[in-house]
Amino acid sequence: MFSIDLADDAQLFPLEVWHAEEFLAHIDRGREFIGQHVPFPDRATDLESARNLLGTNAAKAADDGARLYGIRVDGTLRGGVLFPAFDAKQGVCEVGCWLEPAAAGRGLVTTACRVLIDWAFHERGMHRVEWHVSSANAKSIAVAERLGLTREGVLRENYLHRGVRQSTEIWSVLAHEWPKA
């Protein structure tokens, strides 16, 4: 297995089915915080559902689709980044993130997303990377801004999350706008 150093004490690694116990413990620690804007906590409520969530994503990755990556800080899973959508044929993918409060404010998500976007453009030849974010998620919007993405618009009240209609901002960057590796 590989991992990429994000900081002296933090690594990015592929999140796989055999990480289900670690993933569930992480979700349990940050369930309410993470669940404000991300559906994982509502889908991974016990070990079996955590395995199913990771297994579904592993199957998508095997089909050259969605992928999940964890972020460990001092050996403990604290968050992650992902490609919730990855369409190599169309050259379009989406990048996203989640993080426990204990690891927030260190730039780990921004650095990890840079790794994913670099890979998408420079290794896979993608044309467009998107960032979909709840308009209420100021921290995620700040990551999109730090990454240099362009805000394209808002899908008003398009997403029902925990019984509340949320609006989704769409941000993106095109391959020719992204710095060369």
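The coordinates are above.
Description of the structure in this document. (Residues numbered from 1 in each chain as written. Predicted model: local features only at pLDDT ≥ 70, side-chain atom pairs only at ≥ 80, totals over all residues. Heavy atoms only, no water.)

A closer look at the overall build of the chain
Stage number 1. When helices and strands are tallied, the chain shows five helices and eight strands.
Stage number 2. Reading the secondary structure of the chain in the N-to-C direction produces β-β-α-α-α-β-β-β-α-β-α-β-β.
Stage number 3. Relative to a compact globule of 181 residues, whose C-alpha radius of gyration would be 16 Å, the chain shows 16 Å and is just as compact.
Stage number 4. C-alpha extents for the chain along the principal axes are approximately 40 × 40 × 35 Å.
Stage number 5. Residues classed as buried in the chain amount to 47% of the 181 residues present.
Stage number 6. Considering only residue pairs separated by 6 or more positions, the chain has 58% of its internal contacts joining residues 24 or more positions apart. (Helix = DSSP H or I, 4+ residues; strand = E, 2+ residues; numbered from the N terminus. Rg over C-alpha atoms; globule rule 2.2 N^0.38 Å. Buried < 20%, exposed > 50% of the residue type's maximum accessible area, 1.4 Å probe, protein only. Contact = heavy atoms within 4.5 Å.)

Observations regarding the pairing of strand 5 (residues 92–99)
Stage number 1. For strand 5, the tally of buried residues reaches seven of eight residues, placing the bulk of the element in the interior.
Stage number 2. Bridge count between strand 4 (residues 76–87) and strand 5: seven bridges; the pairing is antiparallel. Bridging across to strand 5, L82 finds its partner in G96.
Stage number 3. Direction of pairing for strand 5 relative to strand 6 (residues 128–134): parallel, over a ladder of three bridges. In the sheet register, V92 faces strand 6, and the bridge partner there is R128.
Stage number 4. Following the chain from strand 5 across helix 4 (residues 108–123) to the adjacent parallel strand 6, one finds a crossover that is right-handed. (Pairing = 2+ DSSP bridges. Right-handed = clockwise from strand over helix to strand, strands pointing away.)

With respect to the sheet that holds strand 3 (residues 67–73)
Stage number 1. Strand order in the open sheet made by the eight strands is 1-2-3-4-5-6-8-7, with mixed pairing throughout. Only two strands of the sheet have a single partner each, and these edge strands are strand 1 (4–7) and strand 7 (150–161). Neighbour to neighbour, the strand axes of the sheet diverge by 25 degrees on average, direction disregarded.
Stage number 2. Of the pairings in the sheet, the one linking strand 6 to strand 8 (residues 164–174) comprises seven bridges and is antiparallel in character. In the strand pairing of strand 8, V129 is matched with V173.
Stage number 3. Contacting strand 3, strand 4, strand 5 and strand 7, helix 1 (residues 20–35) crosses the sheet at an angle of about 80 degrees to strand 4. (Axes fitted to C-alpha atoms, helices over the stretch in contact; angles between N-to-C directions.)

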